[in-house]
Amino acid sequence: MAKVLIQFAHPVLSKSKVHKTLIKRCANLPNVTVNDLYERYPDMYIDVDREQRLLLQHDIILFQHPFYWYSSPAIIKQWFDLVLEHNWAYGSLGNALAGKKMLNVISCGGSREAYSPTGHNRYTVNQFLVPFDQTAILCKMTYLPPFVIHATFRITPDQIEAYGDQYRYLLTALADDRMPLTPFGSTGYMNDLVTPLLGQQV
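For every chain, the first residue of its written sequence is number 1, and the numbers climb from 1 along that sequence. The predicted nature of this model means local features are confined to residues of pLDDT at least 70 and side-chain atom pairs, given and counted, to a pLDDT of 80 or more, with totals for whole chains, interfaces and linings taken over all residues. With hydrogens and water set aside, each side-chain value is computed from the structure's full complement of heavy atoms.

### Brief notes about a nonpolar patch on the surface
- Residues Val 12, Tyr 68, Trp 69 and Tyr 70 make up a contiguous nonpolar surface patch of about 460 Å² in total accessible area.
- Think of it this way: any DSSP run of H or I at least four residues long counts as a helix, any run of E at least two long counts as a strand, and we number them from the N terminus. Mapped onto the elements, Val 12 comes out in the loop between strand E1 (4-8) and helix H1 (17-26).
- Take Val 12: its relative accessible area is 36%, and that puts it in the partly exposed class. Patches in this entry comprise residues that are over 30% relatively accessible and not in a salt bridge; like charges within 9 Å are linked, as are nonpolar side chains (Val, Leu, Ile, Met, Phe, Trp, Tyr) within 5 Å. All accessibility values rest on the Shrake-Rupley procedure with a 1.4 Å probe; residue burial counts only the protein chains present in the view. Here, a salt bridge means any side-chain nitrogen of Lys or Arg that lies within 4 Å of a carboxyl oxygen of Asp or Glu. Here the term buried applies to any residue with accessible area under 20% of the maximum for its type, exposed to any over 50%, and partly exposed to those in between, with areas from a 1.4 Å probe on protein chains only.

Pasting the structure below:
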């Protein structure tokens, strides 16, 4: 059994139907821990020792957040800057995270087509996530394809619930080591792997 840590960051969760649903769906799942960064650190003063202990206690690290300005909310950058210390997470003596897995779980206002070479945003979501990919590699981790929810301004309540079903299935499969994991780049989104396994198209 793998232990999954969700590093959750949403500065205005009260306005998010998508992330509220996803978080509700993963509550009380065995071997899944939700760490709400904005709730725990409203002043952005991050307890580095606590965060490093959490990382050591888990095998798969998810960063769940809205896709703000083609990246993450500010607290995740703060978290990376403080928690991933030299010679702990990376560097010649930094092996604390070696062998663990990382992925992003994000929501975007734009459609999947908008995030393409011919789309409004010119680049794919996977291309925008390269800094996470490289951070994982620097820390000797494996970076997995992201779980992405597009077009959140037009999404229906039924679609949100369907994504919630997919997310819960993904988390359970990751914890039970049942997910056929492929490296970042060989698969577009984790959704593409979950959909046929769950038999549910959103």
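Picking up where we left off.
### Some words on the environment of Thr 172
- For Thr 172, the location among the structural elements is in helix H7 (residues 157-175).
- On the accessibility criterion, Thr 172 (25% relative accessible area) is partly exposed.
- Note on definitions: a residue-residue contact is assigned when non-hydrogen atoms from the two residues lie within 4.5 Å. Those residues in contact with Thr 172 that sit more than four places away from it in its chain are Leu 29 and Arg 178.

### Some points on the pairing of E1
- The buried count for E1 comes to five of five residues, which makes it a mostly enclosed element.
- Here E1 shows no split at all, with Val 4, Ile 6 and Phe 8 on one side and Leu 5 and Gln 7 on the other all buried.
- Strands are labelled as partners when DSSP assigns at least two bridges between them. Bridging between E1 and strand E2 (residues 32-36) involves five bridges; their strand directions are parallel. Note that in E2 the partner of Phe 8 across the bridge is Asp 36.
- As defined by bridge partners, E1 adjoins strand E3 (residues 60-66) across five bridges and the pair is classed as parallel. Bridge pairing in E3 places Leu 5 opposite Ile 61.

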